[in-house]
Amino acid sequence: MIHARGLTKHYGPKVAVDHADFTVRPGRVTGFLGPNGAGKSTTMRLILGLDHANEGDVTVNGKHYRQLGAPLCEVGALLEAKAVHGGRSAYNHLLCLAKSNGIPRRRVDEVLGLVGLEKVAKKPSRGFSLGMGQRLGIAGALLGDPGVLMFDEPVNGLDPEGILWIRNLMKKLAAEGRTIFVSSHLMSEMALTADHLVVIGRGRILAETSTREFIAANATSHVKVRSPQLGELGSLLSRHGWRVELEGDQSLRVFGARTAEIGDTAADHGLRLHELSPVQPSLEEAFMRLTGDAVEYHAGIPGNGTGTAAGERPEAPAAVGPPPPGSRPPEGMPSESRDGQRGGDWS
Amino acid sequence: MTTETTTAPAPARPRRATFGNVVSAEWTKVLTVRSTFWTLLAGIIVTIGLSLLLAWAFTSQYGEMSAADRAEFDPAAYSLAGVNFGMVAFGVLGVLVITGEYATGMIRTSLIAMPRRVEFLAAKALALGAVTLIVGVLVSFASFLPCQLIFKSQKIDASLGDDGVLRAVVGGGLYLALIALLALGIGALLRHTAGSVSVILGVLFVLPIIAQFLPGDWASTVSRFLPSGAGGAVMSVKPAEGVLSPWTGFAVLVLYTVVVLAAALFAIQKRDA
């Protein structure tokens, strides 16, 4: 269990973590999601006592990290890959860590086996690939058989096999009743791994909820409709009280209607359909919607709408669904209101 | 790689890592990187090699020396002269033991494993002190004994049983260990290898030169209290003019080392890692 209250960290005038409150509970994988520079790594460093908080505090199992008697036996952490001395062999690296916490030597061989590094255990770690470095870091995290595990961007640099391995490892560890806290900016990965989410943007906690609820609250499902009579169809569906958006000039997004209703309505009016498919909301969409205001560094690609100043939300995914609770409505976005007022090019 | 991972999560363990655990870990750290081996090997070769060279050069000129020069001859100090150069390697080792962790990012792993930072740095100092003291004393004897064989040709050799000789030889090892610890403190404060090595070289070699240029009595007063001048006194049996007595000088070097290490302990506690 990790518990943060009002956790705040400044680096000079820059606020890296801003009064963060969150709780990470055992028995599930909690994803720590946020754009680059949002404060994920800083928060993890604060949890581990590497950096000192300016305000507030954070505890692990009810204690400050520095108060833990044998920290590796309570918390395992993988921070950036290769936080190791490259001249030392993998075995000796783990042996030093084990000794510092009074962990028996045989456990070193065990964790080397768990992560599949037995064959290179005696080699200096400077020759390791990024993936092997990650595995060594994970071996170090598992060394003390801790009940709390933290992984900072664990799949970075891993091949598909390695990603699958980490994903299954985290789920298994959570199923054993451990507390798993894993940061990532990769939403597809989080959607597959995390049961619960702590979402951070510009140092502030934006949401703390289950992954399913997060998606449900911040993104909506819709039906994608293609038709050679797009204009007529759009007007028709709008008159039925469904919200309709034009997606490119090829298809419509229809909100609040089931596929059968749309198909029947079209048939009643003799309109032809070329596609009628339900679209499930994605974590990505929900995330972009929520953190559109909170992205620290925009890509700055002109013309695609995502390179604009913070405050405007990225165009493509944000153009659908209602605005997130508590934020101002998006401006300049194509939308059809629910009361049937028409817009777009099909009127 | 297997999906069999671990046993059930450990309940909160009452066990606490002891200071002995931390020292044992730091001891292993010092001995499991090659830089330790290479720097100590360099220190051994330089110390013994230069001592032998000086002993040979002195002995071959002994016949032409004046009586006054001969009277000043200190067979213990002359056989340990190489220590004054070999100490560079010990200083570099002291720096690397801590800046190597900062340079590689290992420091974060270390402080996650042992967040009680005072214990961490104290254990590191203890492990480094033990390694450098053992090697330092051995190299000091390995320097003294063959040099006496050279001196024996002119019947000017000393033996370990002579007054103050054993203290001087053991003192050579203590001096090397203290230089390593002083360097560890500097490295922990600066957290940067090149900068820390420059500082330790400056303290050991540049400051004494600068001190020579000071006016009047200042030159000898300051020289006497510099780390190298003060600490080096422990290796002489016939104290030269304007040098502190052996143990007083040694105590001054201990004081410098303690002050620098205390500052380093304070800093590592306060700073973000």
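Because the structure is predicted, anything quoted here is derived from the model rather than measured.

1. Things to note about the interface of chain A and chain B
Tallying the contact residues gives 51 residues for chain A and 40 residues for chain B. Summed over both sides, the interface of chain A with chain B buries roughly 3900 Å², with 54% coming from carbon and sulfur. When residues of chain A are sorted by the area they lose upon contact with chain B, Leu50(A), Arg66(A) and Arg88(A) head the list and together hold 15% of the total. Scanning the region where chain A abuts chain B turns up 1 salt bridge. Applying the counting rule to chain A against chain B returns 18 residue pairs in polar contact (both at pLDDT 80 or more). When residues of the side of chain A that touches chain B are traced back to their parent elements, those giving at least two are strand 1 (2-11), helix 2 (90-100), helix 3 (106-114) and helix 5 (160-175) of chain A. Top element by residues in the side of chain A that touches chain B is helix 2 of chain A. It accounts for 7 residues. Grouping the amino acids of the side of chain A that touches chain B by side-chain chemistry returns 20 nonpolar, 16 polar and 15 charged.

2. Re unusual backbone geometry
One non-glycine residue with positive phi stands out, namely Arg202(A), at about 50°. Looking at where Arg202(A) falls in the secondary structure, it is placed in the loop between strand 8 (196-201) and strand 9 (204-210). The residue Lys155(B) is not glycine, and still its phi comes out positive at about 55°. Considering the arrangement of structural elements, one finds Lys155(B) in the loop between helix 7 (117-152) and helix 8 (165-190).

3. Some points on the UniProt feature "transmembrane region" (unreviewed entry) in chain B
Taking the numbering used here, the UniProt-annotated feature "transmembrane region" (unreviewed entry) corresponds to residues 37-58, 78-100, 121-145, 165-190, 197-214 and 247-268 of chain B. The distance separating the terminal C-alpha atoms of residues 37-58 of chain B is 31 Å; by composition the span is 100% helix and 0% strand.

4. A closer look at the environment of Phe205(B)
Residue and element names in this part refer to chain B. Tracing the backbone through its elements, the reader meets Phe 205 in helix 9 (residues 193-212). For Phe 205 and Phe 85, which are 120 residues apart along the polypeptide, the C-alpha to C-alpha distance reads 9.5 Å. Apart from the residues lying within four places of it in its own chain, the contact partners of Phe 205 are Asn 84, Met 87 and Val 88.

5. Description of the sheet that holds strand 10 (residues 222-226) of chain A
Residues and elements named next belong to chain A. One open sheet holds the 4 strands; their spatial order is 11-12-10-13, and the pairing between them is antiparallel. Single-partner strands in this sheet number two, and they are strand 11 (243-247) and strand 13 (275-279). Across this sheet, the average inter-strand angle for adjacent strands is 25°, counted without regard to direction. In this sheet, strand 12 (residues 251-255) lies alongside strand 11 in antiparallel orientation, the contact comprising 5 bridges. Note on strand 12: the bridge partner recorded for Glu 247 is Ser 251. Where helix 8 (residues 230-239) meets the sheet, its contacts fall on strand 10, strand 11 and strand 12, and the angle it forms with strand 12 comes to roughly 10°. Those strands touched by helix 9 (residues 259-268) are strand 10, strand 12 and strand 13, and its axis lies near 160° from that of strand 13.

What counts, and at which threshold
One numbering rule holds for all chains: residues counted from 1, following each sequence as written. Whichever chain is written first is A, and whichever ligand is written first is 1; the rest continue in order. In keeping with the model being predicted, local features are shown solely for residues with a pLDDT of at least 70 and side-chain atom pairs are shown and tallied solely at 80 or more, while totals for entire chains, interfaces and linings include all residues. Heavy atoms from the whole structure form the basis of all side-chain values; hydrogens and water molecules are not counted. In what follows, residue pairs with any heavy atoms lying within 4.5 Å of each other are defined as contacts. A simple way to read buried area is as the amount of 1.4 Å-probe accessible surface that goes missing from two parts once joined, with both sides added. Whenever a carboxyl oxygen of Asp or Glu lies within 4 Å of a side-chain nitrogen of Lys or Arg, that contact is scored as a salt bridge. Contacts described as polar in this section are N or O atom pairs within 3.5 Å, which, within protein, must combine one atom able to donate a hydrogen with one able to accept it, while residues neighboring in sequence count only if both atoms come from side chains. Working definition: helices are DSSP H or I runs of at least four residues, strands are E runs of at least two. Numbering for both runs from the N terminus. Note on residue categories: nonpolar means Ala, Val, Leu, Ile, Met, Phe, Trp, Tyr, Cys or Pro, charged means Asp, Glu, Lys or Arg, and polar means any other residue, Gly included. UniProt positions are given in the numbering used here, feature names are shortened, and annotations may be inferred rather than shown by experiment. Only strands that DSSP links by at least two bridges are regarded as paired with each other. Angles run from 0 to 180 degrees between N-to-C directions of axes, and those axes are lines fitted to C-alpha atoms, restricted for helices to the stretch in contact.

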